[in-house]
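These are the residues of each chain, in order.
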Amino acid sequence: AESWDNVGLLVEPSPPHTVNTLFLTNDLTEEVMEEVLQKKADLILSYHPPIFRPMKRITWNTWKERLVIRALENRVGIYSPHTAYDAAPQGVNNWLAKGLGACTSRPIHPSKAPNYPTEGNHRVEFNVNYTQDLDKVMSAVKGIDGVSVTSFSARTGNEEQTRINLNCTQKALMQVVDFLSRNKQLYQKTEILSLEKPLLLHTGMGRLCTLDESVSLATMIDRIKRHLKLSHIRLALGVGRTLESQVKVVALCAGSGSSVLQGVEADLYLTGEMSHHDTLDAASQGINVILCEHSNTERGFLSDLRDMLDSHLENKINIILSETDRDPLQVV
């Protein structure tokens, strides 16, 4: 999930709490909560987090506070995955890409693993010439918390040396540098590297999709409408483009896509909503923009999710899709 997001278990009834019925919704509104209680669900999976900003009080005054009160009074948990499901390899954005036709896709902004591959986020490498120096160096660095040490033989010209690798936390790095600066005669050929967290395969924000075969923009519009079960979408034609212009590369982002799609080279941007000025910028570059309203680009994923959860949970619990959840905006 993105660092700014509020995901995970948001409301937890007092334990023990057994889940027999799981309720899936894109948005948890008061109307949807009525449906939850009628169907006697034990846990709500709400794609969007109903609690996002910190609450200073839980009263009957606002609709989000009332959701929390009703959930606790009726012993219903609330869980939200939000951008974790956007980034996941079989998540919301991959589901949205299914409507485009046969294509290959990759994340626009790949996700990084939560942890570094080693103990620390820095590596210090240097050579030591002599056994007595090696003993002194190894004794010193092994006494520093947050350092892991590896060594191997190295040869410089005709001289046998030992190459030392130290993986260090930020705090340990300062102590290692302090030791080295006071014992410059013991080592040579020093490098200090800043380590990156590894990328997660097929995981990240947005998708850049390359179609196996180009299609006209008109054909792509029909495919998107059919996939999202919409009778209307909003279209901004790129400068110089028509409905017959060919589409080969589509950049997409479920929900609100301005920040994810900005600057990406594509024939078409597909998202739920985008600011007026970002739409103008894209169109000025000849990029077509299709907007479908925010949650219309997300909600259909819940059907796929239900099937995945049924399989994962071996059909041991009842999983219900909301019938009242819908995008708040309608064409009239």
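What you see as residue numbers is a count from 1 along each chain, following the sequence as written. Reporting of local features is limited, given that this is a predicted model, to residues whose pLDDT is at least 70; pairs of side-chain atoms are given and counted only at 80 or more, and all residues count toward the totals for whole chains, interfaces and linings. Think of the side-chain values as coming from all heavy atoms in the structure, minus any hydrogens and water.

Draft legend 1. Main features of the packing of aromatic side chains. The aromatic pairing rule takes the rings of Phe, Tyr and Trp, using the six-membered ring of Trp, and pairs them if the centres are within 6.5 Å, calling planes under 30 degrees apart stacked, those over 60 edge-to-face and the rest tilted. Overall, the coordinates contain three aromatic pairs when judged by the stated rule. Judged by centre distance (5.9 Å) and plane angle (75°), the rings of Y85 and F301 are edge-to-face. Taken together, the residues span a long stretch of sequence, with Y85 in helix α3 (residues 83-87) and F301 in helix α10 (residues 301-312) at a distance of 216 residues. Since its relative accessible area comes to 3%, F301 is described here as buried. Going along the chain from the N terminus, every DSSP run of H or I of four or more residues is numbered as a helix, and every run of E of two or more is numbered as a strand. A simple rule labels every residue: compare its accessible area, found with a 1.4 Å probe on the protein chains alone, to the largest value its type can have, and call it buried under 20%, exposed over 50%, or partly exposed in between.

Draft legend 2. Spotlight on the UniProt feature "binding site: a divalent metal cation" (unreviewed entry) in the chain. UniProt positions are given in the numbering used here, feature names are shortened, and annotations may be inferred rather than shown by experiment. With numbering matched to this structure, UniProt assigns "binding site: a divalent metal cation" (unreviewed entry) to H48, D86, H294 and E298. These annotated residues cover 251 residues of sequence, but their C-alpha atoms sit close together, with the largest distance between any two at 13.2 Å. Tracing the backbone through its elements, the reader meets H48 in the loop between β3 (43-46) and α2 (63-73). Excluding residues within four positions of it along the chain, H48 makes contact with N26, D27, S80, H82, H294 and E298. Polar contact criterion, stated in full: a pair of N or O atoms within 3.5 Å, where within protein one must be able to donate a hydrogen and the other to accept it, and residues adjacent in sequence count only if both atoms are side-chain atoms. Separated by 2.7 Å, the side chains of H48 and D27 make a polar contact. Note that H294 resides in the loop between β14 (288-291) and α10. Throughout, a residue-residue contact means that at least one pair of heavy atoms, one from each residue, lies within 4.5 Å.

Draft legend 3. Spotlight on a nonpolar patch on the surface. Exposure above 30% relative accessible area and no salt bridge define the residues that can form patches, which grow by joining like charges within 9 Å and nonpolar side chains of Val, Leu, Ile, Met, Phe, Trp and Tyr within 5 Å. Per-residue and other accessible areas were derived by the Shrake-Rupley procedure at a 1.4 Å probe size, with only the shown protein chains allowed to occlude residues. Any Lys or Arg side-chain nitrogen found within 4 Å of a carboxyl oxygen on Asp or Glu counts as a salt bridge. A contiguous nonpolar surface patch, about 230 Å² in accessible area, is contributed by L235, L237 and L243. Position of L237 relative to the elements: it lies in the loop between β11 (234-236) and β12 (246-256). Owing to a relative accessible area of 39%, L237 belongs among the partly exposed residues under this scheme.

Draft legend 4. Local environment of the domain arrangement of the chain. Here the limits of each domain have been adopted from an automatic or database domain assignment. Each assigned domain of the chain is listed here: domain 1 (8-85 + 300-321), domain 2 (88-111 + 201-292) and domain 3 (122-194). Each of domain 1 and domain 3 was reduced to a C-alpha centroid, and the two centroids are 53 Å apart.

Draft legend 5. Fine view of the sheet that holds strand β5 (residues 103-112). The six strands are arranged β5-β10-β12-β13-β14-β11 in an open sheet whose pairing can be described as mixed. Strand pairing shows two members of the sheet lacking a second neighbour, β5 and β11, which therefore form its edges. For this sheet, the mean inter-axis angle between neighbouring strands, taken without regard to orientation, is 25°. Strands were regarded as paired on the criterion that DSSP finds at least two bridges between them. Relative to β12, strand β10 (residues 199-216) runs antiparallel, the two sharing six bridges. Opposite T210, over in β12, you have V249 as the bridge partner. Comment: axis = line fitted to C-alpha atoms, over the contacting stretch for helices; angle = value between 0 and 180 degrees taken between N-to-C directions. The strands touched by helix α7 (residues 217-228) within the sheet are β10, β11, β12, β13 (268-273) and β14, with β10 carrying the most contacts at an inclination of about 125°.

Draft legend 6. Looking closely at the side chain of N127. Within the element layout of this structure, N127 appears in strand β6 (residues 122-128). A polar contact is formed between the side chain of N127 and the side chain of Q161, at a distance of 2.8 Å. At 2.8 Å, the side chain of N127 forms a polar contact with the side chain of R163.

Draft legend 7. Structural detail: the sheet that holds strand β2 (residues 21-25). The strand order across the open sheet formed by five strands is β1-β4-β3-β2-β15, and the pairing between neighbours is mixed. Every interior strand has two partners, whereas the edge strands, β1 (8-11) and β15 (318-321), have only one. Strand after strand, the sheet turns through a mean of 25° between neighbouring axes, direction not considered. Pairing of β2 with β3, which is carried by four bridges, proceeds in the parallel orientation. Bridge assignment links L22 to a residue of β3, and that residue is L43. Of the strands in this sheet, β2, β3 and β15 are in contact with helix α1 (residues 30-38), which crosses β2 at around 160°.

Draft legend 8. Seen up close, the nonpolar core. Nonpolar core, defined: a set of buried Ala, Val, Leu, Ile, Met, Phe, Trp, Tyr and Cys residues in which side-chain atoms within 4.5 Å join the residues together. L100, M220, I224, L268, L270, I290 and C292 are the most contacted members of the largest nonpolar core, which has 32 residues in total. Of the residues forming this core, the biggest block, five residues, is contributed by α7. No fewer than three residues from each of domain 1 (8-85 + 300-321) and domain 2 (88-111 + 201-292) sit in this core. Contact partners of M220, with chain neighbours within four places excluded, come to L100, L211, V215, V247, V250 and L268. Among the nonpolar cores identified, the runner-up in size contains 19 residues, and V128, M138, V141 and L180 belong to it.

Draft legend 9. Fine view of the pattern of salt bridges. One pass over the full model with this rule turns up 14 salt bridges. A salt bridge links E35 to K39, with the nearest nitrogen and oxygen atoms 2.8 Å apart. Given a relative accessible area of 4%, E35 falls into the buried group. The closest approach of N and O atoms between R182 and D178, which form a salt bridge, is 3.0 Å. A residue pair is termed a helical-turn pair when its members lie 3 or 4 positions apart in one helix, as R182 and D178 do in helix α6 (residues 170-182) at four residues. Since its relative accessible area comes to 37%, D178 is described here as partly exposed.

Draft legend 10. Expanded view of the environment of K40. Residue placement: K40 occurs in the loop between α1 and β3. Each C-alpha atom of the pair K40 and T279 lies 43 Å from the other, and the pair is 239 residues apart in sequence.

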